[in-house]
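Next come the chains, spelled out residue by residue.
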Amino acid sequence: MGYLEGFAVTLRQMFRPRVTIPYPDVKRPKPERFHGRHVLGRYEDGMEKCIGCELCAGVCPARCIYVRGADNPPDDPVSPGERYGFVYEINYLRCIHCDLCVEACPTEAITESKLFEFSFTDRRDAIYTKTELLVDDEGHPRHLPWEDWRAGDDEHTSAWMRATSPSGVAAYEGRVAWSGELGYGVRAPEEGQTAERRDPQATETPEATDAG
Amino acid sequence: MDPLFSNGVGLAVVLIVVLKVLVTFVFLLVSVLLMIWFERKIISDMQNRIGPNRAGPWGLLQSLADGIKIFFKEDLLPEQADAAVFRLAPYVSTVTAFAAFAVIPVGGSLSIAGHDTFLQLADPPVGVLFLLAMSSIAVYGVMLAGWSSGSKYPLLGSVRASAQMVSYEAAMGLSVVAVVLAAGTLSTHAIVLDQAGRGPGGILPNWNVITLGGVPFLIYLIAATAEINRPPFDLVEAEQELVGGFFTEYSSVRFALFYLAEFMNTITVSAVAVTLFFGGPSGPVYSVLPRTFWPILWFFLKLLVFLFCYVWLRASVPRFRYDQLMDLGWKRLIPAALFWLLLIAAIQIGRDQGWNPSLVLGVGVLAGLAVMGALALAVRTSRLRADDEAQSLEASR
């Protein structure tokens, strides 16, 4: 019956569950450290984290970041430090989402959200300025008309999601080494890498579900 | 003959015929749209995918959307093409595909405005010959398309395609002749009537697939699949390897016409199989619904089973290599079809002459096996000789 086995296989497959998901209506959960559209964070007191040091622009392999720093006005400081970034632009026609800017940032100011579905129809829309990148007064990323934000896309945008997260080193396991953020507070550390580690897709912590 | 023409041809009769033509044409167009959707849905089911689901409920309007899109595509005419033939070829393919369906009985008879008529577009006394003729003319569509494109690759593709279609036509014709022999008529309507009632044993239906021993049906199924270039015999199109073969240079509506013909052919071939081997519209009639309804229901149920099998075949079987295709056609199917045809003829003659049936069967099978053995020996000898020649050629270099 060797010739007919193939027919049985195809017939059996008809009653198996589908592997495809109807994409724009339903989306797969994204990885926790997904590299998407950038976000400029603020401290819990509303101060901007960016100090205009231009390290992100320096490390960027695609040269898509343009930063200008300026001295903080003494009577109305923008950031807690001496200086702040008064121009901050990212050209998304060049950005490769390597996350090296996030690595380089000394104040955890620039991080990446999980949003990757932002298809603009005008080249000028590709250049995100500080207005678009900076989180709003609730600490949520600004939603532009062409961006498709879904619940959870703005989670873990702090230094939590740095590629060299301390979970790799046993000594740093469970230790919080990042600052708090406007609207989200201090993000909880993730679990250590034990042998029976839970599936990261299934451990989407329900924190900040009101966002998005 | 259709009782419609028995009392002379008046205006009413002409109008009824025109109505039947229109209904058939529209029905075929819609059924092709549904067939494409059906095929894509079943294939996606078998591959654990969802399939078309955006246009209309369950993606039903997907083929319509594709059709509208393709109508607005640019229509290219290659510089080297023979313009008139290039434009003609797709219509040859499509018209033959449509015309072949005309002789298929889809139901019993119907009375329109006092005129009785069969539920089939035409019932010529040579219905089966007409089917074979249409499938032969379809080869011209392929051949002319490739030749008139003014490019060598479509020409090569069309040579391959027409060689395949012509080869399998012989096996298909021989398997159909077995049916004609059993029914004693070429009219499709009469062949269907011949299969009505109870068959051998009183339980099984009197369908040709059973009374002829199944072999002609299997040969027909394989040969017809090759004839209409469906997988696993779709070397003509071979979408993963060639970009279409003979219709490479076609675009827009003319390209769509080839696809229309292809899917139309699938439906026609299935309908012919139902008519010749599965009793056409015959089946039990219940009093729940009008009497004319049941034969139509049975016909379409049988047709649907065949269409599903064609999709299933496509999802399950890998494509043939070209030499395997030719081997199967010429060295297996044609001798087998010829053998079975002669056996059935011998049994029929034996029945007429009052010979001992088991003796006729035994002698027939023995003679057949002897000829098959001789043929196999001849094929083997010629292959060995070809190998020897190839080796001596290799050695002399």
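Position numbers for residues start from 1 in each chain and track the written sequence from start to end. For this description, chains carry letters from A and ligands carry numbers from 1, given in the order in which they are written. Note on the predicted model: pLDDT of at least 70 is required for a residue's local features to be given, and 80 or more for side-chain atom pairs to be given and counted; whole-chain, interface and lining totals, by contrast, use all residues.

Student: Even after reading the chapter, I still don't get the overall build of chain B, so can you show me in this structure?
Tutor: Helix and strand assignments come from DSSP, with helices taken as H or I runs of at least 4 residues and strands as E runs of at least 2, each series counted from the N terminus. Assigned secondary structure in chain B consists of twelve helices and two strands. The order of α-helices and β-strands along chain B, N terminus first, is α-α-α-β-β-α-α-α-α-α-α-α-α-α. Put simply, the radius of gyration uses C-alpha atoms, and a globule should come to 2.2 Å times the residue count raised to 0.38. By the compact-globule yardstick of 21 Å for 397 residues, chain B fits well, its C-alpha radius of gyration being 23 Å. With respect to the three principal axes, the spread of C-alpha positions in chain B is 80 × 70 × 45 Å. Scored against the burial criterion, the 397 residues of chain B give a buried share of 39%. Across chain B, contacts joining residues at least 24 apart in sequence account for 75% of those joining residues at least 6 apart. Put simply, a residue is buried when 20 or more other C-beta atoms lie within 10 Å of its own C-beta and exposed when 12 or fewer do; between those, it is partly exposed, and each C-beta is set from the backbone. Whether two residues are in contact depends on their C-beta atoms, placed from the backbone: they are in contact if these lie within 7 Å.

Student: In this structure, what is going on with the sheet that holds strand β5 (residues 127–128) of chain A? I would like to understand it.
Tutor: Residues and elements named next belong to chain A. We treat two strands as partners when DSSP finds at least two bridges between them. In spatial order, the strands read β2-β3-β5; together these three strands make up an open sheet with antiparallel pairing. What marks the edges here is a single partner per strand, and that holds for β2 (65–71) and β5. Sheet topology note: the β2/strand β3 (residues 83–91) ladder contains seven bridges and is antiparallel. In the strand pairing of β3, V67 is matched with Y88.

Student: Hey, could you run me through the nonpolar core in this one?
Tutor: Generally speaking, nonpolar side chains in soluble globular proteins are found buried as a group. A set of buried residues drawn from Ala, Val, Leu, Ile, Met, Phe, Trp, Tyr and Cys, joined through C-beta atoms within 7 Å, is what defines a nonpolar core. Formed by 92 residues in total, the largest nonpolar core has its most connected members in A171, Y220, A223, M264, A273 and A337 of chain B. No other element matches the 15 residues that helix α9 (residues 252–277) of chain B contributes to this core. Apart from residues no more than four positions distant in its own chain, M264 of chain B is found in contact with L28, V32, A97 and F98 of chain B. In this structure, I51, V67, L134 and L182 of chain A belong to the second largest nonpolar core, which totals 23 residues.

Student: Which parts of the structure should I look at to understand the confidence of the model for chain B?
Tutor: Keep in mind that low pLDDT regions are not for reading the predicted coordinates in detail. Residue-level confidence of the predictor is summarised by pLDDT, bounded by 0 at the bottom and 100 at the top. Predicted confidence across chain B gives a mean pLDDT of 88, with 100% of residues reaching 70 or more. With a pTM of 0.79, the predicted complex shows an ipTM of 0.76.

Student: What am I meant to see in the environment of Y310 of chain B here?
Tutor: Residues and elements named next belong to chain B. Along the chain, Y310 turns up in helix α10 (residues 293–316). The exposure class of Y310 is buried, given the 23 C-beta atoms found within 10 Å. Sequence separation between Y310 and R230 is 80 residues; the distance between their C-alpha atoms is 8.1 Å. Apart from residues no more than four positions distant in its own chain, Y310 is found in contact with R230, T266 and S270.

Student: Please clarify how helix α5 (residues 152–183) of chain B should be interpreted in this entry.
Tutor: Counting along an α-helix, one turn takes 3.6 residues, and residues three or four places apart therefore face a common direction. An expected span of 1.5 Å times one less than the residue number is assigned to each helix. Spanning 32 residues, α5 of chain B covers 46 Å between terminal C-alpha atoms, matching the ideal 46 Å at 1.5 Å per step. Positive phi shows up at G184 of chain B, right after α5 of chain B, with a value of about 75°.

Student: Looking at this structure, how should I read the packing of helix α3 (residues 83–100) of chain B against helix α4 (residues 127–148) of chain B?
Tutor: Packed helix pairs are characterised by how far apart their axes lie and by the angle those axes make with each other. Residues and elements named next belong to chain B. Lines are fitted to the C-alpha atoms to define the axes, a helix being fitted only along its stretch in contact, and any angle between axes, read from their N-to-C directions, falls within 0 to 180 degrees. Between α3 and α4, the least distance of the axes is 8 Å, while the angle of their chain directions is 160°. Overall, the two elements α3 and α4 adopt an arrangement that is roughly antiparallel. In this structure, α3 crosses over α4, and the sense of that crossing is left-handed. In this structure, α3 uses V85, F86, L88, A89, P90, V92, S93, T96, A97, A99 and A100 to contact α4, whose residues at the interface are L131, M134, S135, I137, A138, Y140, G141, V142, L144, A145 and S148. Residue composition of the contact of α3 with α4, grouped by class: 17 nonpolar, five polar and no charged. The labels follow the angle: roughly parallel below 35 degrees, roughly antiparallel above 145, roughly perpendicular from 65 to 115, and oblique for the rest. In this scheme, a crossing is called left-handed if the near helix is turned counterclockwise away from the far one by less than a right angle; it is called right-handed if the turn is clockwise. Amino acids outside the nonpolar list (Ala, Val, Leu, Ile, Met, Phe, Trp, Tyr, Cys, Pro) and the charged list (Asp, Glu, Lys, Arg) are all regarded as polar, and Gly is one of them.

Student: Could you clarify how one ought to interpret the packing of α3 of chain B against α9 of chain B in this entry?
Tutor: Residues and elements named next belong to chain B. Where α3 contacts α9, the axes come no closer than 8 Å and their chain directions differ by 25°. Of the possible angle classes, the one that applies to α3 and α9 is roughly parallel. Crossing of α3 against α9: the hand is left-handed. Along its contact with α3, which presents P90, Y91, S93, T94, A97, F98 and A100, the element α9 presents R254, L257, F258, L260, A261, M264, N265 and T268. Split into classes, the residues belonging to the contact of α3 with α9 amount to ten nonpolar, four polar and one charged.

Student: Teacher, can you tell me more about the pairing of strand β2 (residues 115–118) of chain B here?
Tutor: Relative to β2 of chain B, strand β1 (residues 109–112) of chain B is paired through four bridges, and the arrangement is antiparallel. Bridging across to β2 of chain B, I112 of chain B finds its partner in H115 of chain B.

Student: Explain unusual backbone geometry to me, please; I cannot follow it from the model alone.
Tutor: Following P231 of chain B, the chain continues into P232 of chain B via a peptide bond in cis, with omega recorded as 5°. Mapped onto the elements, P232 of chain B comes out in the loop between α8 (215–227) and α9. Look at H97 of chain A: it is not a glycine, yet its phi comes out positive at around 55°. Looking at where H97 of chain A falls in the secondary structure, it is placed in the loop between β3 and α3 (100–104).

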